[in-house]
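Remarks on the overall topology
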Amino acid sequence: MSEAQIETEISGEFERQSVPRSKWKDWKSFLGMYAGEHAAGTEFVIGPLFLTTGVSAFDLIVGLLIGNLLAVLSWRFLTAEIGTKFRYTLYFHLEKICGTRLVTLYNLANGLLFCFLAGSMITISATAVGIPFDMQMPRLTDTMPNSITWVIIVLCIGAVISIIAAKGYNTVAKAANWMSPIIVLAFIVCGIVALYQLNVNSFSDFWNVWGEGSEPFPGQIKYTFWHVVLWSWFANAAMHIGMSDLSVFRFAEKPSVGWTTAGGIYVGHYIAWIAACLLYAVYLQSPEAQVFVTNGEAPPVAPGPLAYNAIGVFGILAVILAGWTTANPTIYRAGLAFQAIMPKVSTFWVTITAGAVATIAGLFPAFAMKLLDFVAIYGFILAPIGAVIVFEYFFGRKAGIQTFYAEKTGIKFNQAVFWAWAVSFGVFYTLSIQFDIFLSFLTLPAWISCGILFLLFSKWYQKKIA
């Protein structure tokens, strides 16, 4: 089953029921989907951004190895385990626990964050489209549009992507599945060419690209081993510990299908990140980049020129396709989240609305240039809601609480869920701001806190109501 078929069924007849056995699929149906999903346009930015943090070779290479393994384990033993047990979408599962009104708030937050993520992908594609027009590329520290050419290109890309997404997901997903091998090939070729350009002839030469690390670029923080491990673990926190991929794994024949996520993670979040990082290392040796360094500024991280310098027109095409194939489904999913709030509005118009928001976000380079920070806060906001599902499943009966409380009592707003999330988010986000703590260090504590508080608040709340 392709990603298109999975999404068709997610948004079709099984939205509010358990997936029947006749629709279960084996591991082969998921391997290609995850490979395509995680070799995306954002990888062209994330890889170079690691280099701007002054990370060392050991911290990057080993840290990514471990962090991505923890992500795969989270998908396998949490998301796939629960997804194959109940076989509900995330939204339907949450509705049974939280009530319809609280799920509406979640959908709004989810939809907006999807739009901002899609906006960063539009930004990435724009850096490739702008090359023939000699467009000034956004700098690492840029937050606002830097030229009218930039604005026009982003608006055009956003309009095309939004219209295609609004016309339906099936064609888009099929195209993405066909294009993903091209994108993966482009990452690998870019990495090989970059190694040649860096005169890497041995493993020690490769290791010395990062060496013992360096001072971070202006505006960036220094990344250590634990920064890399925790960031790469929680880069997709909303999908695994946040339980968003329940909607996918409910079609899996057994929990072990969760191991297929490794196919996407180690291609997209390991090979692709390191390859893109090498591209930026090549650029840093150029006279243009050295001018920025001499002036005490961070050289721009523009995926289009980086890929073009390595593999020419094929690089431009790869960046455009990578951004396009990832922005389209992201906008589509944002539209579905908004449609859950406005069910009487057609899918076409809510998706157009989502596309408009994403396009406006794409005008501002900060979403792409600060992608490490944005992805961290994205997971930090959404992941704790997944803890509610996880803790109810594993500990609910032992804690003596009624599972699927909203469904069984008819309440529309489960206060235990809301306050568990609000307290966890408020406390740990305040700690991050007050003591300047890297947000990914606090994602797991916030997730665990939300789960425990949910059990405690539920026990008190359910006794009070009874």
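Criteria and cut-off values
Residues numbered from 1 in each chain as written. Predicted model: local features only at pLDDT ≥ 70, side-chain atom pairs only at ≥ 80, totals over all residues. Heavy atoms only, no water. Helix = DSSP H or I, 4+ residues; strand = E, 2+ residues; numbered from the N terminus. Rg over C-alpha atoms; globule rule 2.2 N^0.38 Å. Buried < 20%, exposed > 50% of the residue type's maximum accessible area, 1.4 Å probe, protein only. Contact = heavy atoms within 4.5 Å. Areas by Shrake-Rupley, 256 points an atom, 1.4 Å probe, with all protein chains shown as cover. Lys, Arg positive; Asp, Glu negative; His and termini not counted. Charge placed at Lys NZ, Arg CZ, Asp CG, Glu CD. Axes fitted to C-alpha atoms, helices over the stretch in contact; angles between N-to-C directions. Parallel < 35°, antiparallel > 145°, perpendicular 65-115°, else oblique. Left-handed = near helix turned anticlockwise from the far one by under 90°. Nonpolar A, V, L, I, M, F, W, Y, C, P; charged D, E, K, R; others polar. Phe/Tyr/Trp six-rings, centres within 6.5 Å; stacked < 30°, edge-to-face > 60°. Lys NZ or Arg CZ within 6 Å of the ring centre and 35° of its normal. Salt bridge = Lys/Arg side-chain N within 4 Å of Asp/Glu carboxyl O. Disulfide = S-S within 2.5 Å. Polar contact = N/O pair within 3.5 Å; in protein donor to acceptor, adjacent residues only side chain to side chain. Core = buried A, V, L, I, M, F, W, Y, C linked by side-chain atoms within 4.5 Å. pLDDT = per-residue confidence, 0-100.

Looking only at helices and strands, the chain features 21 helices and 0 strands. Computed over its C-alpha atoms, the radius of gyration of the chain comes to 22 Å, within 12% of the 23 Å expected for a compact globule of 466 residues. The principal-axis extents of the C-alpha atoms in the chain amount to approximately 70 × 45 × 40 Å. Across the 466 residues of the chain, 57% fall into the buried class. At a minimum sequence separation of 6, the contacts of the chain that also span at least 24 residues come to 85%. When the accessible surface of the chain is summed, it comes to about 18,600 Å², and 66% of that surface belongs to carbon and sulfur atoms. Across the chain, the 26 positively charged side chains and the 24 negatively charged ones have centroids separated by 17 Å.

The geometry of helix α15 (residues 313-341) relative to helix α16 (residues 347-362) is characterised by a closest axis approach of 8 Å and an angle of 120 degrees between their N-to-C directions. When the axis of α15 is compared with that of α16, the two are oblique. Crossing hand, α15 versus α16: right-handed. Contact with α15, carried on its side by Ile-331, Tyr-332, Ala-334, Gly-335, Phe-338 and Gln-339, involves Thr-347, Val-350, Thr-351, Ala-354, Gly-355 and Ala-358 of α16 and no other residues of that element. Residue classes in the contact of α15 with α16 are distributed as 7 nonpolar, 5 polar and no charged.

Following the criterion strictly, the structure yields 40 aromatic pairs and no others. Judged by centre distance (5.7 Å) and plane angle (40 degrees), the ring pair of Phe-203 and Trp-207 falls under tilted. Here the residue Phe-203 and the residue Trp-207 both occupy positions in helix α9 (residues 203-207), the gap between them amounting to 4 residues, near one helical turn. Judged by relative accessible area, Phe-203 falls into the exposed class, the value being 58%. Measuring from centroid to centroid gives 6.4 Å for Phe-394 and Phe-395, while their planes differ by 50 degrees, and the two rings are tilted. Three or more aromatic residues joined by ring pairs make a cluster, and in this case those are Phe-86, Tyr-88, Phe-92, Phe-391, Tyr-393, Phe-394, Phe-395, Phe-404 and Trp-447. Stacked on the ring of Trp-24, the Lys or Arg Arg-87 has its end atom at 3.6 Å from the ring centre.

Before going further, it helps to spend a moment on helix α14 (residues 303-311). Counting buried positions over the 9 residues of α14 gives 7, a clear majority of the element. For α14, every residue scored as buried is listed here: Pro-303, Gly-304, Pro-305, Leu-306, Ala-307, Ala-310 and Ile-311. Gly-312 occupies a position one or two residues after α14 and carries a positive phi of about 70 degrees.

Within the structure shown, the criterion is met by 2 salt bridges. Its salt-bridge partner being Glu-81, residue Arg-76 comes within 3.4 Å of it at the nearest N-O pair. Among the residues examined, Arg-76 registers a relative accessible area of 12% and is labelled buried. The class for Glu-81 is partly exposed, based on a relative accessible area of 25%. The shortest N-O distance in the salt bridge between Glu-407 and Lys-96 comes to 2.5 Å.

What follows covers the environment of Ser-120. Relative to the helices and strands, Ser-120 resides in helix α6 (residues 100-129). Ser-120 sits in the buried class, given a relative accessible area of 0%. Sequence separation between Ser-120 and Gly-304 is 184 residues; the distance between their C-alpha atoms is 13 Å. Discounting residues that sit within four places of it in the chain, Ser-120 has contacts with Thr-42, Phe-367, Ala-368 and Leu-371.

What follows concerns the packing of α6 against α15. Packed helices, taken two at a time, are described by their axes: the angle between them and the distance between them. The interhelical angle for the contact between α6 and α15, taken along N-to-C directions, is 160 degrees, at an axis separation of 8 Å. Comparing the axis directions of α6 and α15 gives the class roughly antiparallel. Both α6 and α15 take part in a crossing whose hand is left-handed. The class makeup of the residues in the contact of α6 with α15 is 21 nonpolar, 8 polar and 1 charged.

So, about the environment of Phe-454. Mapping Phe-454 onto the fold places it in helix α21 (residues 440-465). Residues contacting Phe-454, with those up to four places away along its chain left out, are Ile-97, Val-388, Glu-392, Ile-401, Ala-416, Val-417 and Ala-420.

Turning next to the state of the cysteines. Using the criterion set out here, one finds 0 disulfides in the structure. Counting only cysteine sulfurs, Cys-115 is the nearest neighbor of Cys-156, a cysteine outside any disulfide, at a range of 19 Å. Here Cys-190 is not cross-linked by a disulfide; its sulfur's nearest cysteine counterpart is in Cys-277, at 13 Å.

By the secondary structure assignment, Thr-89 is in the loop between α4 (57-86) and α5 (90-98). At a separation of 3.0 Å, a polar atom in the side chain of Thr-89 contacts the main-chain amide nitrogen of Phe-92.

In summary, soluble globular proteins display a tendency toward joint burial of nonpolar side chains. Of all hydrophobic cores here, the largest spans 146 residues; its most connected members are Phe-50, Trp-210 and Trp-231. Sort the elements by how many residues they give to this core and helix α18 (residues 371-399) lands first, with 17 residues. In contact with Phe-50, other than residues within four places in its own chain, are Val-55, Leu-60, Leu-64, Tyr-223, Val-228, Trp-231, Trp-273 and Leu-372.

To continue, consider the confidence of the model for the chain. In the predicted model, the chain carries a mean pLDDT of 85, and the fraction of residues at 70 or more is 94%. Ranking the elements of the chain by mean pLDDT puts helix α1 (residues 3-10) last with 44 and α4 first with 96. Across residues 1-13 the pLDDT falls below 50, and counting only partners more than four positions away or on other chains, this stretch makes 36 contacts in the model.

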